[in-house]
Amino acid sequence: MNHGGPLKAGAWLAAIGLPAWFLVGPLAALLAVGALALLLLARHERQIARLTEWAEQPLGAPLPEAGGAWGRAFMALHRRARQAAQQRAELQEMMERFRLAAEALPEGVVILDPGGTIEWINPRAELLLGLDGKRDIGMPVAHLVREPEFIEFLRRQKQAGEARAPLTVRPLRSPGRVLHIRGAPFSAGRTLLLVEDLTQLDRLETVRRDFVANVSHEMRTPLTVVLGFLETARDGVADTPPEEVAHYLDLALDHARRMQRLIEDLLTLSTLETDAPPQEEAVDVEALLAAVREETVALSGGRHEVLLESSGPAVLFGSSRELHSAFSNLASNAVRYTPSGGRITLRWHAQDGGAAFEVADTGIGIDSRHIPRLTERFYRVDRGRSRDCGGTGLGLAIVKHVLERHQATLAIRSKLGSGSTFAASFPAKRVG
Ligand code: ADP
């Protein structure tokens, strides 16, 4: 405790009062001391008024100037106010960091009050649920996300244990999305909703399911033919004319080969999808093109004119096995989809610092609406035609994968009835 103030005031009164008592008598001394006491009181009143005025000003207002005990009191108060302001600023900063962290979460977060009204929502949840924080905070969430299963899910949040199972929902407000929503009880009856986007996973699951269905479907027909023949053979073919037996044998062989091609293509695709990037070999383009040309001529069996125009770089960096598979897939498609008498041109030329391999045919062509989907597995313009000419529906999917692994792109130009050109463009770093 600081007694400086009262002691000092008392000392002043004594210092003036006592000599005055002896010099001018008691009455005058009392008057002098009284006047001095009033003066001191007025000074304290003034400091109290300044203190009140300062306290009423916003935080950070300059401290009134004062000496002595009042000065020290002002300083002490000022220090306290500064500490409090600093603590508040730190708290605010911490809150802001929490808010920013919640906003940056990859999951959507919604805080609901005990009545189910939105108290807070992060931008991710706004996007996923199709809500707008500015407009929808303060609204009951059940009025905005109206799917019956979501309403039921909200109701279950009040219960404990198993009943609070997560929800997978396709909200009407954000079409095409599949959301996974979990709820967690949160301070004083509030609910925290965590919203995850499963759209991509759901799409992958659909692709996987379609793929399995497609493979099974593709295998079923040839297997049925082979089985049918084997059963007939087991029951005895003694009475069947030999030509007929030969015909069925050929048919069964055809279908067995089809299954074999399908399995080979599936294995190639799966290797392309799972293997590490291709080994960097310096592929001799001239030899590669000669091999592809030879295969094309053999496959065509003289039904087409096959041309080779090569003016591009001598070396392509990548996997010779994969590049061979991609180039010959494009060339074999040209043979299979070009009627007899047509022309197939294999071209290799420099392009934009890199190079391009093109296969142009004068075949049946492709309607433009099919072009964007041709590289999907099992996508065919005409399923029957593709099967009849030995297609598996996987050739262009393989080409696409190989090219992606070599940072190359595939461009398809085609006109129904007059032919197609498939062009694979390689970047500069792939050629030499
Ligand atoms: P497929 O084994 O059926 O040929 P692909 O994946 O190689 O499978 O090709 C997909 C589809 O693209 C084919 O079924 C065919 O409809 C079409 N296509 C591919 N190449 C050509 C081409 N050169 N001319 C016309 N259509 C083609």
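Residue numbering note: each chain is counted from 1, following its sequence as written. Local features are withheld for residues below a pLDDT of 70 in this predicted model, meaning they are given only at 70 or higher, and side-chain atom pairs are given and counted only at 80 or more; totals for whole chains, interfaces and linings count all residues. Side-chain measures were taken over the full set of non-hydrogen atoms in the model, leaving aside hydrogen atoms and water.

Draft legend 1. Layout of the overall build of the protein chain. Helix and strand labels come from DSSP, where a helix needs a run of H or I of at least four residues and a strand needs a run of E of at least two; each type is numbered from the N terminus. Helix and strand content of the protein chain: 13 helices and 12 strands. Computation of the radius of gyration draws on C-alpha atoms, with the globule rule given as 2.2 Å multiplied by the number of residues to the power 0.38. Radius of gyration (C-alpha) of the protein chain: 44 Å, far over the 22 Å computed for a compact globule of 432 residues. Each principal axis of the C-alpha distribution contributes one length, and for the protein chain these read about 160 × 60 × 35 Å. Residues counted as buried form 34% of the 432 residues belonging to the protein chain. Throughout, a residue-residue contact means that at least one pair of heavy atoms, one from each residue, lies within 4.5 Å. A separation threshold of at least 6 residues defines the contact pool for the protein chain, and within that pool the share at least 24 residues apart is 59%. Accessible surface, the protein chain as shown: approximately 25700 Å² in total, 60% of it carbon and sulfur. Under this rule, positive means Lys or Arg and negative means Asp or Glu; His and the chain ends count for nothing. By convention, the point assigned to a charge is CZ for Arg, NZ for Lys, CD for Glu and CG for Asp. For the protein chain, the distance from the average site of its 51 positive side-chain charges to the average site of its 52 negative ones is 10 Å. Accessible area is worked out with a 1.4 Å probe on protein chains only. A residue is then buried under 20% of its type maximum, exposed over 50%, and partly exposed in between. Here, Shrake-Rupley sampling with a 1.4 Å probe gives the accessible areas, and only protein chains in the shown set may cover a residue.

Draft legend 2. Representation of the sheet that holds strand β5 (residues 190-197) within the structure. Strands qualify as paired when DSSP identifies two bridges or more between them. Taken together, five strands build an open sheet; the order of strands is β2-β1-β5-β4-β3 and the sheet is antiparallel. At either margin of the open sheet sits one strand with a lone partner, and together these are β2 (118-121) and β3 (167-169). Looking at each pair of strands side by side, their axes are set apart by 25° on average, direction ignored. Strand direction decides the pairing type here: strand β4 (residues 179-186) and β5, joined by eight bridges, are antiparallel. Each residue of the ladder has a partner; that of G183, found in β5, is L193. Axis lines are fitted to C-alpha atoms, over the contacting stretch for helices. Their N-to-C directions set the angle, which ranges from 0 to 180 degrees.

Draft legend 3. Fine view of the sheet that holds strand β7 (residues 305-310). Spatial ordering of the open sheet is given by β7-β9-β10-β12-β11, a layout of five strands whose pairing is mixed. Here the strands that pair on one side only, and so sit at the sheet edges, are β7 and β11 (409-415). Sheet twist, expressed as the mean angle between neighbouring strand axes with direction ignored, is 15°. As judged from the eight bridges shared by strand β9 (residues 343-351) and strand β10 (residues 354-361), these two strands associate in the antiparallel manner. For R347, the partnering residue across the bridge sits in β10 and is E358. Across the sheet, helix α11 (residues 320-336) touches β9, β10, β11 and β12 (419-426), and the angle it forms with β10 is around 25°.

Draft legend 4. Seen up close, the packing of helix α2 (residues 26-56) against helix α3 (residues 68-104). Viewed as axis vectors pointing N to C, α2 and α3 meet at an angle of 15°, and their least axial separation amounts to 11 Å. Viewed along their axes, α2 and α3 adopt a mutual orientation that is roughly parallel. You can see that α2 and α3 cross each other, and the crossing is right-handed. Only W70, F74, L77 and H78 of α3 make contact with α2, whose side of the interface consists of H44, Q47, I48, L51 and W54. Here the contact of α2 with α3 is composed, by residue class, of six nonpolar, three polar and no charged. The labels follow the angle: roughly parallel below 35 degrees, roughly antiparallel above 145, roughly perpendicular from 65 to 115, and oblique for the rest. In this scheme the crossing of two helices becomes right-handed for a clockwise turn of the near helix relative to the far one and left-handed for an anticlockwise turn of less than a right angle. Polar here means any residue outside two lists: the nonpolar Ala, Val, Leu, Ile, Met, Phe, Trp, Tyr, Cys and Pro, and the charged Asp, Glu, Lys and Arg; Gly therefore counts as polar.

Draft legend 5. Summary view of the pattern of salt bridges. Any Lys or Arg side-chain nitrogen located within 4 Å of an Asp or Glu carboxyl oxygen qualifies as a salt bridge. One pass over the structure, following the stated rule, counts 25 salt bridges. Here E103 ties to R99 by a salt bridge, and the two come within 2.7 Å at their closest N and O atoms. Here E103 pairs with R99, and both are found in helix α3, just four residues apart, close to one helical turn. We classify E103 as partly exposed; its relative accessible area is 28%. Here R380 ties to E218 by a salt bridge, and the two come within 2.7 Å at their closest N and O atoms.

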